[in-house]
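# An overview of the molecular structure
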Amino acid sequence: MNMWGRSASLLAIALLGLAGCSRPTPTPTIPKSDLVQVPAGWFWMGEDDARRSSQPQHRVYLDTFEIQRTEVTRSDYIQYLAAIGYPAPDTDQSKLEAYSQLPVVGVLWENADAYCRWIGMRLPTEAEWEKAARGDNRRHFPWGNEWDPNKANTSENGQGNVLPVGSFLDGASPYGLLDMCGNAAEWVADYYQASYYHDAPDRNPTGPKEVTDHVLRGGSFDSTYEQTTTYFRDSSHSVRPNLRVGFRCARSVETK
């Protein structure tokens, strides 16, 4: 296991211990430059020529929202741990600096949710995540419909681990979001149900009410390109830290 793997494992152990911690008061603010506003409107969600859980393709209307341009970094999350009085998993300053811009991984869904609330935001809904990734023109990948291994950190390019956020500028989504394909898979707010698209509302869907797995989107460095399309849906029980899974935050925007 490399140095980052050992460090990430320690971080994952620390994050597992956070599951029972009380939720901190949201006090910090996110610079506007780190946020992307996605305008209200309709887009096509899902894909007919895909596995059954992504079918059918259907139109969805979303209100305006903002979402982080990149995945939450390890540096960001260590600040959160310090703010709530939880010790950082390692104190080697050189390690902290070397890995500060890697996406934080090994975060349980509950802890990702708590972090987003701490900064006055929330996890994006599954529909918000997909619109931010593919836009309103049914893109299969954030940059278009043709696969390009040079635009994302997936199993095809052989990196074998997460890279600093924003490493693939050419892989940006229509709204300028980065790493929506590969690097770290991402938690969203919704519970998972394979057949949900058949009965989902067409305006601001928030997922099924049944409490089961949570949805994962985007795929990771360990995923094949088919598993990193803008419409691919995955899920996890979120009971153990997964070093392939991170997250980003979003928030609703009031418009006149």
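Here is what the cut-offs are and how they apply
- Residues numbered from 1 in each chain as written.
- Predicted model: local features only at pLDDT ≥ 70, side-chain atom pairs only at ≥ 80, totals over all residues.
- Heavy atoms only, no water.
- Buried < 20%, exposed > 50% of the residue type's maximum accessible area, 1.4 Å probe, protein only.
- Helix = DSSP H or I, 4+ residues; strand = E, 2+ residues; numbered from the N terminus.
- Pairing = 2+ DSSP bridges.
- pLDDT = per-residue confidence, 0-100.
- Contact = heavy atoms within 4.5 Å.
- Axes fitted to C-alpha atoms, helices over the stretch in contact; angles between N-to-C directions.
- Salt bridge = Lys/Arg side-chain N within 4 Å of Asp/Glu carboxyl O.

Let's shift gears to the pairing of strand β2 (residues 41–45). The two faces of β2 differ: G41, F43 and M45 on one face are buried, but W42 and W44 on the other face are not. Judged from the five bridges that link them, β2 and strand β3 (residues 58–62) form a sheet pairing that is antiparallel. What sits directly across from F43, in β3, is V60.

Within the protein chain, residue pLDDT values average 88, and 84% of them lie at 70 or more. Confidence drops under a pLDDT of 50 for residues 1–7, and excluding neighbours within four residues, the segment shows 14 contacts in the predicted structure.

So, on to the sheet that holds strand β1 (residues 35–38). As summarised here, the arrangement of the three strands in space is β1-β4-β9, forming an open sheet in which the pairing is antiparallel. Two strands in the sheet have a free side with no partner beyond their single neighbour: β1 and β9 (250–252). Sheet twist, expressed as the mean angle between neighbouring strand axes with direction ignored, is 20 degrees. The strands that helix α5 (residues 126–134) touches are β1, β4 (65–68) and β9; relative to β4, the one it contacts most, it runs at about 75 degrees.

In terms of burial, strand β5 (residues 185–191) is a largely internal element, five of the seven residues being buried. Bridge analysis of β5 against strand β8 (residues 245–246) gives two bridges, and the strand direction is parallel. Within β8, the residue paired with E186 across the bridge is G246. Sheet topology places β5 next to strand β6 (residues 214–217); three bridges connect them, and they run antiparallel. Looking across to β6, one finds that W187 is bridged to L216.

The next subject is the pattern of salt bridges. For side chains bearing opposite charge, pairing can occur when the charged atoms are close. Inspection of every chain in the model, using the stated rule, returns nine salt bridges. When the shortest N-O distance is used, the salt bridge between R134 and E47 registers 3.3 Å. Within this pair, whereas R134 is found in helix α5, its partner E47 is found in the loop between β2 and β3, the two being separated by 87 residues in sequence. The partner of D113 in a salt bridge is R117, and the shortest N-O contact between them spans 3.2 Å. Placement of both D113 and R117 in helix α4 (residues 109–118) is noted, with a separation of four residues, approximately one turn of the helix. Overlapping salt bridges bring together E47, E126, E130, R134, R217 and R233 as one network.

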